[in-house]
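Here's the letter readout for the chains.
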Amino acid sequence: MHLDEIMELDGKYYMNTFGSRTPVCFQYGKGINLWDTEGRKYTDFYAGVAVSALGHSHPKLVNAIKEQAERFLHCANLYYIEPQAKLAKLLVESSCADRVFFANSGAEANEGAIKLARMFFSKKGMPHKYEIITMKKSFHGRTLNTLAATGQEKFHAHLKPLPPGFKYAPLNDIDALKAAITDSTCAVMLEPIQGEGGVNPADIEFMKGVRKLCDEKELLLILDEIQTGIGRTGKLFAYEHFGIEPDIFTLAKALGGGVPIGALCAKEFVASAFEPGDHGSTFGGNPLACAAGLAVMDVVFGDRLAENAAAVGSHLIQKLSALKQKYSFIKEIRGKGLIVGIEFSLEIASDVKNKCFERGYLIGSIGSNILRLLPPLIVATEDIDSFISTFDSILSKII
Ligand SMILES: Cc1ncc(COP(=O)(O)O)c(C=O)c1O
């Protein structure tokens, strides 16, 4: 189909919640590249918002999906599921968690984390401890609870009353967090690096302070690693940078490499609060999604993609920092590994993003003055150099 026809169908029938989309429709992809309906090639520096960790059409992922589809796609969670058991083992063995529950998305994994935290205290005879403190500028999903957990007013508009039980504190302010804790608090939930909120990393001291506070006050620490997990920050899980361990953490996005899957990972002492009947999912942990997850993890480990993210990511940050010296309107470069934010002192983010698109690069913008780069974890140093040269040329003509 031609782009015009696709756009016409979309305009007439799709319930658009995404605003005016970029006028392009991709037909196939390979590695870090995508091709559109007109055969034009793009370089993907966004990875479908941190999803396509292996790039596009990775043969190991494609084969795993094909093989599982040829056997069978689905069975109820009333039966044992081999790829589910194997993926749970792999995640447990490579993290601080003892048990994993699979969901279908990030929001669903976070819903599970919220339920688990509340049930943990309720079953200990403390049902009054139900409130979760999250961070201002956070993003935790689009269900009503995860929106309530999201510390950004703009996501709450026209939805009041929101589910109760959430309170917000500023990131990297341990005193403010301390002051927000009450007898009702059951957990603190945060992203190690806020993704949707503008690529805002938690400080090491803050994260250590949060862990200490949670221990002292007997609160659970929940880390939302939906965007930062599976190697993106240069470690398999971002919490590894901070020398702390969460009690619960959640994954999604890159875990399936494009096949929807979410994971709720927890230490035994808290995981055991979920008893038969307390939680469930029709599709969560299905054979197809878990076979995809296993293939992703196999490539992430085998090709040392977290290490690649660390090395190539620091090259990217170094090159962008050099551009910051050159262009006074670059205010700050933030991030770790291959989650990188570029903050401008001018409202030029959309313009720069559109110019990157015209030059064949897919990147993201947040608000009017922040760009976000999330290339696939397979990206190479040379790909960064090509991007930087295009980006430099775009910035040189921006004002
Ligand atoms: C940190 C974080 N948590 C949760 C979510 C929600 O995930 P999903 O869109 O898969 O429900 C996102 C999505 O961007 C995210 O970045």
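Values in this document were obtained by computation on a predicted structure and should not be read as measured data.

Q: Can you lay out the site of the ligand for me, pointing to particular residues and giving the numbers?
A: Around the ligand lies a shell of 16 residues, among which S105, G106, A107, I226 and Q227 are the nearest. The greatest single-element share of the shell around the ligand, amounting to 3 residues, is contributed by helix α5 (residues 106–123). The class makeup of the residues in the shell around the ligand is 5 nonpolar, 7 polar and 4 charged.

Q: How would you explain the sheet that holds strand β15 (residues 361–362) if you had to name every residue and give the values?
A: The 4 strands lie next to each other as β1-β2-β3-β15, forming an open sheet whose pairing is mixed. Whereas interior strands pair on both sides, the edge strands pair on one side only; in this sheet they are β1 (26–30) and β15.

Q: Break down the pairing of strand β3 (residues 41–44) for me, citing the residues and quoting the values.
A: By the bridge criterion, 3 bridges tie strand β2 (residues 33–36) to β3 in an arrangement that is antiparallel. Across the sheet, residue W35 finds its bridge partner in β3, namely K41. Adjacent in sequence and paired antiparallel, β2 and β3 are bridged by 4 residues, among which G39 carries a positive phi angle near 85°. In this structure, β3 lies alongside β15, joined through 2 bridges in parallel fashion. Note on β15: the bridge partner recorded for T43 is Y361.

Thresholds, definitions, all that
Residues numbered from 1 in each chain as written. Predicted model: local features only at pLDDT ≥ 70, side-chain atom pairs only at ≥ 80, totals over all residues. Near = placed C-beta within 6 Å. Helix = DSSP H or I, 4+ residues; strand = E, 2+ residues; numbered from the N terminus. Nonpolar A, V, L, I, M, F, W, Y, C, P; charged D, E, K, R; others polar. Pairing = 2+ DSSP bridges.

No statement about biological role is implied by the geometric values presented.
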